[in-house]
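Residue strings, one per chain:
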Amino acid sequence: MTAASPLTWLYAPGDRPRVVAKALAAGADVVVVDLEDAVAPDRKDYAREATAELLGEPQPVPVHVRVNALDGPLAAADLAALARLPGLSGLRLPKVTSPEQITGVVAATGGPPLYALLETALGVERAYLIAGAHASLRGIALGEADLRADLGVRGDTGLDWARSRVVVAARAAGLAPPSQTVHPDTRDLEGLAASCAHGRALGFLGRAAIHPRQLPIIERAYLPTERELEEAETIVKAATAQPGALALPDGRFVDAAVVATAQRTLSLARRPVLS
């Protein structure tokens, strides 16, 4: 796997440069500097300036920036200050509700890699249209805290339909599988692991984090198990020896789709595991 399909996205508040520096050294696939939810209103300008200073030169790991809401007064200034800096690897766009917002950002910025966060019922309903809005859009994901509030959902399983819709929309538009949203309790590592397992079963790939201690849990949850690796190796070996549809000695039927899944499993296993 490469940074094009990361497993771990570590958020850090844009108005705290020391925290951002620690995040850059934490081993995440991508660091997301947050100018939106993590920054108080009276520190927005400082956060933007500090982030622009950071991104004035290339960084050791990909750095994305979550700008302020596109329908608010701050997003235009964020985009103008950051979109063309050499250290920027992507922009995360919160509360996207239409494909026109994506094309508007492309027109304003020249089209750095974009990632849309769907955080409302309207955004989820338009997931496929948003996912296919422009070639600069590289991924979509849910913002579950805002979506939960918008829907009035209390139990976690109440979001499973929206989660599946976003997974299907991403794949239908030819995008990588979406990553899961953050698990807000940074000390609940068992809960994080269980939630990641559920997300993986739904078709997600990787997860956003808000503390470095969450990164190894996410990686372990999304990397293949030894049994999955053994099964994938058996399938690929059999398919190499006998191209086309076949049945394994244990009776399992193998076709091209099964082989492709096995190959993805083996590719994912080549990632180094965080300690």
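Further up the page is the structure itself.
If you're wondering where the values come from, they're calculated on a predicted model, not measured in any experiment.

A.B. asks: Hey, could you run me through the packing of helix 11 (residues 226-241) against helix 12 (residues 256-268) in this one?
C.D. replies: How two helices sit against one another is set out by the angle between their axes and by the gap between those axes. The interhelical angle for the contact between helix 11 and helix 12, taken along N-to-C directions, is 130°, at an axis separation of 9 Å. Our classification of the angle between helix 11 and helix 12 gives oblique. As helix 11 runs across helix 12, the sense of the crossing is left-handed. From helix 11, Glu228, Leu229, Ala232, Glu233, Ile235, Val236 and Ala239 reach across to helix 12, where they touch Val258, Val259, Ala262, Gln263, Thr265 and Leu266. Residues of the contact of helix 11 with helix 12, tallied by class, amount to nine nonpolar, two polar and two charged.

A.B. asks: In this structure, what is going on with helix 1 (residues 17-24)? I would like to understand it.
C.D. replies: Structurally, the α-helix is built with 3.6 residues per turn, so residues lying three or four positions apart point the same way. The set of residues buried in helix 1 consists of Val20, Ala23 and Leu24. Around the axis of helix 1, the buried residues are gathered within 100° of arc, so they sit on the same side. What points out from helix 1, more than 90 degrees from its buried face, is the exposed set Arg18 and Lys22. Against the buried residues of helix 1 lie strand 1 (8-13), strand 2 (30-34), helix 2 (44-54) and strand 3 (63-66).

A.B. asks: What is the right way to read the side chain of aspartate 29 from this model?
C.D. replies: In this structure, aspartate 29 sits in the loop between helix 1 and strand 2. Within the local environment of aspartate 29, its side chain forms a polar contact with the backbone nitrogen of leucine 7, the two atoms lying 2.7 Å apart.

A.B. asks: Teacher, can you tell me more about helix 2 here?
C.D. replies: Along helix 2, the residues classified as buried are Lys44, Ala47, Arg48, Ala50 and Thr51. What you see down the axis of helix 2 is that its buried residues fit within an arc of 165°, all on one side. Looking at helix 2, the residues exposed on the side facing more than 90 degrees away from the buried face are Glu49 and Glu53. Buried residues belonging to helix 2 abut helix 1, strand 2, strand 3 and helix 3 (75-82).

A.B. asks: Would you explain the pairing of strand 3 in this entry?
C.D. replies: The two faces of the sheet receive side chains in turn, since in a regular strand these alternate between them. The two faces of strand 3 match: Val63 and Val65 on one face and His64 and Arg66 on the other face are all buried. In this structure, strand 2 lies alongside strand 3, joined through four bridges in parallel fashion. Following the sheet pairing, valine 32 is matched in strand 3 by histidine 64. This β-α-β element, strand 2 to helix 2 to strand 3, shows right-handed connectivity. Pairing analysis gives three bridges linking strand 3 to strand 4 (residues 90-93), with the strands arranged parallel. Across the sheet, histidine 64 pairs through a bridge with glycine 90, a residue of strand 4. Between the parallel elements strand 3 and strand 4, the chain passes through helix 3 in a crossover that is right-handed.

What counts and how
Residues numbered from 1 in each chain as written. Predicted model: local features only at pLDDT ≥ 70, side-chain atom pairs only at ≥ 80, totals over all residues. Heavy atoms only, no water. Axes fitted to C-alpha atoms, helices over the stretch in contact; angles between N-to-C directions. Helix = DSSP H or I, 4+ residues; strand = E, 2+ residues; numbered from the N terminus. Parallel < 35°, antiparallel > 145°, perpendicular 65-115°, else oblique. Left-handed = near helix turned anticlockwise from the far one by under 90°. Contact = heavy atoms within 4.5 Å. Nonpolar A, V, L, I, M, F, W, Y, C, P; charged D, E, K, R; others polar. Buried < 20%, exposed > 50% of the residue type's maximum accessible area, 1.4 Å probe, protein only. Arc of directions from axis to C-beta. Polar contact = N/O pair within 3.5 Å; in protein donor to acceptor, adjacent residues only side chain to side chain. Pairing = 2+ DSSP bridges. Right-handed = clockwise from strand over helix to strand, strands pointing away.

The analysis is restricted to geometry; functional conclusions fall outside its scope.
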